[in-house]
Amino acid sequence: MKDLKHLIYFENLLQDAQNELVTKAVAEGKHALGYNCYYIPETLLNLPGCFSSRLRAPRCVSTDIASYYMTTRNCPYVRSILERAIEGGYNYLEALFGAESCAAMERMEEHFVLIHPVKNDKFFSTIIDPPMKGDENNLNYYKAQLKLKVVDKLRDELGVDVSEEAMLKAIEDHNEISRLITEMGDLRKLENPPITGYEFHVIQLVSQVCPHYLIKPYLEETLEELKTREPEPKFPFRARVALVGSEIDDPDFTKLIESCGAMVVADRYCFGSFPSREQIEILPGESAFDAICRHYLQWNQCARFMDGDKIDQRHNEVRKLVENFRADGVIYENMKFCEFWSYEKVLGSFVLQSEMGVPCCTIEKEYALGSVGQLRTRFQAFVESLEIKKINA
């Protein structure tokens, strides 16, 4: 296929947390607000005068200093984020909104206060206690946490407008970015898509790490380009897979899978578009803030949720993705030392294979892409097994 016009530019934007567009927004006086987890609604961090920045640590190959504070037997993602903070990679931030989504994440976020790695006089950090269930009581608790530790902090510390009108504008912004990303992502449902999983991964990431008002024109142009882009004469992959798991913010991981013959047609992982790019709807009688809270709790599929309904939702959503995007199988990933996803990887793959008849491959990986040879072997074997299943069928 013909190269996408802005793909190289997008790839360059992902090389550093403080990329060209982030630097421009900060220079224009916008408040740069960092976050690590879907439990912190991206929408609330894009109120007028603000922009969200989901934290990554691209090209982080050593976590020696962070490991001193957190030990090596801890999530490599959180160690990499802390390492990058100590290196000065997040000095553009005015705030970090954290969530106690796991003990490792909370420890990392606490160190943003304890050792002051962000050299910005305006910087502050808060951590919410997110719910582990999705019922009404937990929704009310979630609202209280977001009100106290996000909305009130934005108003009191930075003077941000948190009115109903401002939140309605933030929802409108979210829905427009989500529409663009979803339209591009839905192209992967086609028999011979005009976009690869790698390209979509890059596009989804830039929508999370760049100011929306600056990246939006590039996304609009890319969508129009994709609508008329001619795909390869013949589908160039041997299989279609859904990628499910924890923190995956390195597009080269998706590229590795696709180099083994499997197109990644659905992305259900942290940093993926499922969930994150669904439209926020305001129900009758709801305020904008209530709608945001309900939306993020309803769509959240974190492995941290322990109630039966949420567990079933996680597995059913993966099955729906497999059906809607015509995936031949699922690759379940977990970050090394991630307790929640190491359990979910085993449970989810068992349920999908034994109860839903969906072939699964499970892998564990470091944050920085390593052991490529071993991963390549696993993926190639999985692709071959999917081909054999097709032949036998």
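Asker: Explain empty space enclosed by the protein to me, and be specific about the residues and the numbers.
Answerer: Applying the stated criterion across every chain yields a total of 3 cavities of 30 Å³ or more. Its volume calculated, the largest cavity comes out at about 50 Å³. Lining the largest cavity, in full, are Tyr 35, Cys 37, Tyr 38, Ile 40, Glu 42, Arg 54, Gln 208, Ser 276 and Tyr 296. Of the residues contributing to the lining of the largest cavity, the split by class is 5 nonpolar, 2 polar and 2 charged.

Asker: Please provide a residue-by-residue account of the pairing of strand E8 (residues 360-365), values included.
Answerer: Two strands pair when backbone bridges link them, and strand E7 (residues 329-335) and E8 are joined in this way by 6 bridges, in the parallel orientation. Counted as the bridge partner of Met 335 is Lys 365 from E8. Chirality of the crossover, the property in question, places the unit of E7, helix H13 (residues 339-355) and E8 among those that are right-handed.

Asker: I'd like a description of unusual backbone geometry, backed by residues and values.
Answerer: Residue Pro 275 follows Phe 274 across a cis peptide bond; omega there is -10°. Phi is positive for Arg 59, close to 65°, though the residue is something other than glycine. Mapping Arg 59 onto the fold places it in the loop between strand E2 (50-54) and helix H3 (64-70). Even without being a glycine, Thr 71 presents a positive backbone phi close to 70°. On the secondary structure map, Thr 71 appears in the loop between H3 and helix H4 (76-86).

Thresholds applied
Residues numbered from 1 in each chain as written. Predicted model: local features only at pLDDT ≥ 70, side-chain atom pairs only at ≥ 80, totals over all residues. Heavy atoms only, no water. 1 Å grid on protein atoms, 1.4 Å probe; cavity = no way out; pocket = protein on both sides within 12 Å on 5 of 7 lines; lining within 4 Å. Points joined across faces, edges and corners; volume = space filled by probe spheres on them. Nonpolar A, V, L, I, M, F, W, Y, C, P; charged D, E, K, R; others polar. Pairing = 2+ DSSP bridges. Helix = DSSP H or I, 4+ residues; strand = E, 2+ residues; numbered from the N terminus. Right-handed = clockwise from strand over helix to strand, strands pointing away.

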